[in-house]
Amino acid sequence: MHNNLFLNRMIVFTRKGKIAYDEKFHRGVNIIRGNNSSGKSTITHFIFYVLGGAFNDWVKEAKKCSHVIAEIEINKAIITLKREINLKPC
């Protein structure tokens, strides 16, 4: 039996209800690139967080966000996850 988890899409919303980040991912290797201090690590923190990871060391810009939604595929089943951004210590 093979267990597979794929991140299909992730959307991060601001506290004002606007989209701060919206990306569709593809199977295989996805490369997140950009200049220094452009938010690459923050994107990986949001991925970790929406998948259930304990994280609260948000940078100033991420603290302006309210929630993150991810569409994932687990063993061919499509699931949508939503997680509110918790600014309180874990």
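The following paragraphs examine the structure supplied in this document. The residue count restarts for each chain, going from 1 along the sequence in the order it is written. Given that this is a predicted model, residues contribute local features only at a pLDDT of at least 70 and side-chain atom pairs are listed and counted only at 80 or more, while totals for whole chains, interfaces and linings are drawn from all residues. Only hydrogens and water are removed before side-chain values are computed, so all heavy atoms of the structure are retained for them.

**Description of the pairing of strand S3 (residues 65-74)**
So, point 1. Residue burial is assigned from relative accessible area. The probe radius is 1.4 Å, only protein chains are included, and a residue is buried under 20% of its type maximum, exposed over 50%, and partly exposed in between. For the purposes of this entry, the term helix denotes a DSSP run of H or I that reaches at least four residues, the term strand denotes a run of E that reaches at least two, and both are numbered from the N terminus. Most of S3 sits out of view: seven of its 10 residues are buried.
So, point 2. Pairing of S3 with strand S4 (residues 77-84) involves eight bridges; the strand directions are antiparallel. Residue pairing for S4: Val-68 is matched across the bridge by Arg-83.
So, point 3. Two strands are said to pair when DSSP picks up at least two bridges between them. Connecting S3 to the antiparallel partner S4 that follows it, the hairpin turn spans two residues, and Asn-75 within it adopts a positive phi of roughly 50 degrees.

**Some words on the layout of surface pockets**
So, point 1. Lining residues are those with an atom within 4 Å of a point, where the points come from a 1 Å grid over the protein atoms alone and group into cavities, where a 1.4 Å probe fits but cannot get out, or pockets, open sets with protein on both sides within 12 Å along at least five of seven lines. Grid points are joined across faces, edges and corners, and a volume is the space filled by probe spheres set on the points. As a volume, the largest pocket reaches approximately 320 Å³.
So, point 2. Together, 18 residues line the largest pocket, and Ser-38, Gly-39, Thr-42, Val-59 and Glu-61 are the ones closest to its centre.
So, point 3. For the lining of the largest pocket, the secondary structure elements donating two or more residues are strand S1 (5-14), strand S2 (19-24) and helix H1 (40-50).
So, point 4. Each residue gets one label: Ala, Val, Leu, Ile, Met, Phe, Trp, Tyr, Cys and Pro are nonpolar, Asp, Glu, Lys and Arg are charged, and the others, such as Gly, are polar. Its residues assigned to classes, the lining of the largest pocket shows nine nonpolar, six polar and three charged.

**Quick notes on the side chain of Asn-8**
So, point 1. Position of Asn-8 among the secondary structure elements: in strand S1.
So, point 2. Residue contacts are counted whenever heavy atoms from the two residues lie within 4.5 Å of one another. In contact with Asn-8, not counting residues within four places along its chain, are Glu-23, Lys-24, Phe-25, Glu-71, Ile-72, Glu-73 and Ile-78.

**Observations regarding the sheet that holds S4**
So, point 1. Judged by pairing direction, the sheet is antiparallel, and its four strands sit side by side in the order S2-S1-S3-S4 without closing on themselves. With partners counted over all chains shown, the strands left at the sheet margins are S2 and S4, one partner each. The average angle at which neighbouring strand axes cross in this sheet is 15 degrees, direction not considered.
So, point 2. Strand direction decides the pairing type here: S1 and S2, joined by five bridges, are antiparallel. Note that in S2 the partner of Ile-11 across the bridge is Asp-22. Lines are fitted to the C-alpha atoms to define the axes, a helix being fitted only along its stretch in contact, and any angle between axes, read from their N-to-C directions, falls within 0 to 180 degrees.

**As for the pattern of salt bridges**
So, point 1. Basic side-chain nitrogens of Lys or Arg form a salt bridge, by our definition, when they fall within 4 Å of a carboxyl oxygen of Asp or Glu. This structure, assessed with the given rule, holds three salt bridges.
So, point 2. The residue Lys-82 makes a salt bridge to Glu-84 at a minimum N-O spacing of 3.6 Å.
So, point 3. You can call Lys-82 exposed: its relative accessible area is 55%.
So, point 4. Among the residues examined, Glu-84 registers a relative accessible area of 47% and is labelled partly exposed.

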